[in-house]
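Commentary on secondary and tertiary structure
Spelled out, the chains give:
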Amino acid sequence: MGPKAFALKHALRRPRDQTTHSSRSRSWPAKFGHSTANEMLQQIRKARELDISYLPAIERAADRLFPEGRIPGPGSTSPTEDLLRALHDGLLLVAELDGVVVGFAVAGELEHALHLYALAVHPDYARRGFGRGLVDGIIEESARRALTGVTLTTFKDLSWNGPFYAQAGFRT
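Residues numbered from 1 in each chain as written. Predicted model: local features only at pLDDT ≥ 70, side-chain atom pairs only at ≥ 80, totals over all residues. Heavy atoms only, no water.

1. Some words on the overall build of the protein chain
Per the secondary structure count, the protein chain includes 4 helices and 8 strands. For the protein chain, the N- to C-terminal ordering of α and β elements is β-β-β-β-α-α-β-β-β-α-β-α. Expressed as a percentage of the 172 residues in the protein chain, the buried residues total 46%. Here the contacts in the protein chain between residues at least 6 apart in sequence split such that 65% fall between residues at least 24 apart. Here the protein chain displays about 9,700 Å² of accessible surface, and carbon together with sulfur accounts for 51% of that area. (Helix = DSSP H or I, 4+ residues; strand = E, 2+ residues; numbered from the N terminus. Buried < 20%, exposed > 50% of the residue type's maximum accessible area, 1.4 Å probe, protein only. Contact = heavy atoms within 4.5 Å. Areas by Shrake-Rupley, 256 points an atom, 1.4 Å probe, with all protein chains shown as cover.)

Listed below in structure tokens is the structure:
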């Protein structure tokens, strides 16, 4: 971890009794694969192999939000083999809007927790609750696997990163 990055941990609390998560005026399903009857169909679900072909474009678009030099390199994306491994482990989630994949989260088991390796939402669909829905999905998967929580590494000096993860229950 470089000087501008820091680790965050979300410790799991007792399971939620809720069946949905609210995100602005939309309702998120608590279980993968279920959707709500909103004006536009939104869902967070486990990825399918076909979805992997959409993810590089989403990741490149989302990476443009980071200052130059802060991510591995222009146009670099998560390796397909890493995405396939996460898919087969049940740790690749996608966000959909009316059947179009607009974001994704990649995690892996690390010690006794899940580690969130990548979270990307296409900027055209930002601030609609997709990122939070994906993070909540990873947290729920960690609980389902009886792990201790979720960890991630991010940049602490980006004004939108810290508050986003803090609202999701992460702490340094």
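2. Considerations on the confidence of the model for the protein chain
Summarising the model, the protein chain shows a mean pLDDT of 80, and 75% of its residues fall at 70 or more. Within the model, the stretch residues 1-6 combines pLDDT values under 50 with 18 contacts to residues more than four positions away or in other chains. Across residues 12-38 the pLDDT falls below 50, and counting only partners more than four positions away or on other chains, this stretch makes 58 contacts in the model. (pLDDT = per-residue confidence, 0-100.)

3. What to know about the nonpolar core
The nonpolar side chains of soluble globular proteins are, as a tendency, buried together. In terms of nonpolar packing, the biggest core is built from 37 residues, with Leu 55, Leu 92, Phe 104, Leu 116, Ile 138 and Phe 170 touching the most fellow members. It is strand E6 (residues 100-110) that contributes the most residues to this core, 6 residues altogether. Apart from residues lying up to four places away in sequence, Leu 55 is in contact with Leu 83, Leu 92, Val 94, Val 101 and Phe 104. (Core = buried A, V, L, I, M, F, W, Y, C linked by side-chain atoms within 4.5 Å.)

4. Looking at the pairing of strand E8 (residues 149-155)
Taken across its 7 residues, E8 has 6 buried, putting it largely inside the fold. When strand E7 (residues 113-121) meets E8, the two strands line up parallel, connected through 3 bridges. Paired with Leu 114 across the two strands is Val 150, which belongs to E8. With helix H3 (residues 130-144) bridging E7 and the parallel E8, this β-α-β connection has right-handed handedness. (Pairing = 2+ DSSP bridges. Right-handed = clockwise from strand over helix to strand, strands pointing away.)

5. Here's the deal with unusual backbone geometry
Here the phi dihedral of Asp 98 falls at roughly 50°; this positive angle occurs in a residue that is not glycine. Mapped onto the elements, Asp 98 comes out in the loop between strand E5 (92-97) and E6. Taking relative accessible area as the criterion, Asp 98 reaches 45% and is therefore assigned partly exposed. In this structure, Ala 146 takes a positive phi of about 60° despite not being glycine.

6. Re the pattern of salt bridges
Applying the stated criterion to the full structure yields 9 salt bridges. Of the charged contacts in the structure, one is a salt bridge between Asp 136 and Arg 132, with a shortest N-O distance of 3.0 Å. Here Asp 136 pairs with Arg 132, and both are found in helix H3, just 4 residues apart, close to one helical turn. Classification of Arg 132 as partly exposed rests on a relative accessible area of 27%. (Salt bridge = Lys/Arg side-chain N within 4 Å of Asp/Glu carboxyl O.)

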